[in-house]
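# Coordinate inspection notes
Listed below are the residues making up each chain.
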Amino acid sequence: MTDLPPPSKKKLGLVIDLDTCVGCHACATGCKQWNSGGMAGPVTDEKPYGKDPSGVWFNRIHSYELEQVPATNEAPAQPAMTLHFPRSCLHCETPACVTVCPTGASYKRASDGIVLVDEDKCIGCKLCSWACPYGAREYSEVEGVMKKCTLCVDRIYNENLPESEREPACVQVCPTRARHFGDLGDPESKVSKLVAERGGLPLLPELGYAPVNRYLPPRPRRAGGGDEVAVAEPPVDVTPKRWLDRIFRR
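In short, a report on the structure. As the structure is a computational prediction, the values presented were derived from the model and not from experiment.

## As for the pattern of salt bridges
Considering all chains together, one arrives at 9 salt bridges under this definition. Ionic pairing is found between Lys32 and Asp45, a salt bridge with its closest N-O pair at 2.6 Å. Taken together, the positions of Lys32 in helix α1 (residues 26–36) and Asp45 in the loop between α1 and β2 (60–66) put the pair 13 residues apart, joining distant regions of the chain. We classify Lys32 as buried; its relative accessible area is 9%. Among the ionic pairs, Glu138 bridges to Arg60, the shortest N-O distance being 2.8 Å. With Glu138 in strand β6 (residues 138–140) and Arg60 in strand β2, the pair connects residues that are 78 residues apart, well separated along the chain. Residue Arg60 is classed as partly exposed on the basis of its relative accessible area of 28%.

## A word on the environment of Pro95
Note that Pro95 resides in the loop between β3 (81–87) and α2 (96–99). The spacing of Pro95 and Leu4 is 91 residues in sequence and 8.4 Å in space, taken between C-alpha atoms.

## Digging into unusual backbone geometry
Here His25, not a glycine, exhibits a phi torsion of approximately 70°, which is positive. Of note in this structure, Leu204 is not a glycine but carries a positive phi near 50°.

## A closer look at the packing of aromatic side chains
What the rule picks out here adds up to 1 aromatic pair. Centre to centre, the rings of Phe85 and Tyr215 are 4.6 Å apart; their planes meet at 15°, and the pair counts as stacked. One end of the pair, Phe85, is in strand β3; the other, Tyr215, is in strand β9 (residues 214–216), and 130 residues separate them in sequence. Residue Phe85 is classed as buried on the basis of its relative accessible area, which comes to 4%. We note Lys126 situated over the ring of Tyr139; from NZ or CZ to the ring centre the distance is 4.3 Å. A cation over a ring is seen here: Arg155 above Trp34, with NZ or CZ 4.6 Å from the ring centre.

Calculation rules
- Residues numbered from 1 in each chain as written.
- Predicted model: local features only at pLDDT ≥ 70, side-chain atom pairs only at ≥ 80, totals over all residues.
- Heavy atoms only, no water.
- Salt bridge = Lys/Arg side-chain N within 4 Å of Asp/Glu carboxyl O.
- Helix = DSSP H or I, 4+ residues; strand = E, 2+ residues; numbered from the N terminus.
- Buried < 20%, exposed > 50% of the residue type's maximum accessible area, 1.4 Å probe, protein only.
- Phe/Tyr/Trp six-rings, centres within 6.5 Å; stacked < 30°, edge-to-face > 60°.
- Lys NZ or Arg CZ within 6 Å of the ring centre and 35° of its normal.

Below is the structure:
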């Protein structure tokens, strides 16, 4: 099986703000457009217009209707809400998808921590997709290989692009600026400071894979009709756990 490199100082990843994400799917379509012509292309669709459309998407958005949560001693009540949850590869520190790969096709870069797939080595066994607890791997029926988010590695290091455009396509196209990109291994980077300020969380850290990407929790909501449900900002160590529990309880 495939070995992991020593932990890298540089940890490139995404920070996704669930408070401002509106579920418009611009990130998903922008990602597909860029990567269809990039190093990870083609990003194929098998039945784009059929009864059961299927295809490869590096970024998928799930929308959840969350029930109202009554107030507790630890946090104020929260009204019912719709939460949009973008999901893609989290570029884990110790990714299970890499260590189960029998050919070395799945690998983690020592220079920046990005997890990639060498399609020339991939035999389409799907072991990586079974090992990934986040469902971030995509199998191309057309090519017979596994695919995944690359953080647009062919874009972020492309010196032919203006520096302002050297970020993943999903970040570039987000109309509400709900997606942020940077070095989460640098505590002084903009993304690290944003995570610290908003109490950003990794997804399911208890599994032990140490995902690099972070999610910023929704801010407290107010009920309609003039009834204020959440007046004060609750502690960040309480609210994130509550909204995450509300998602996975479904």
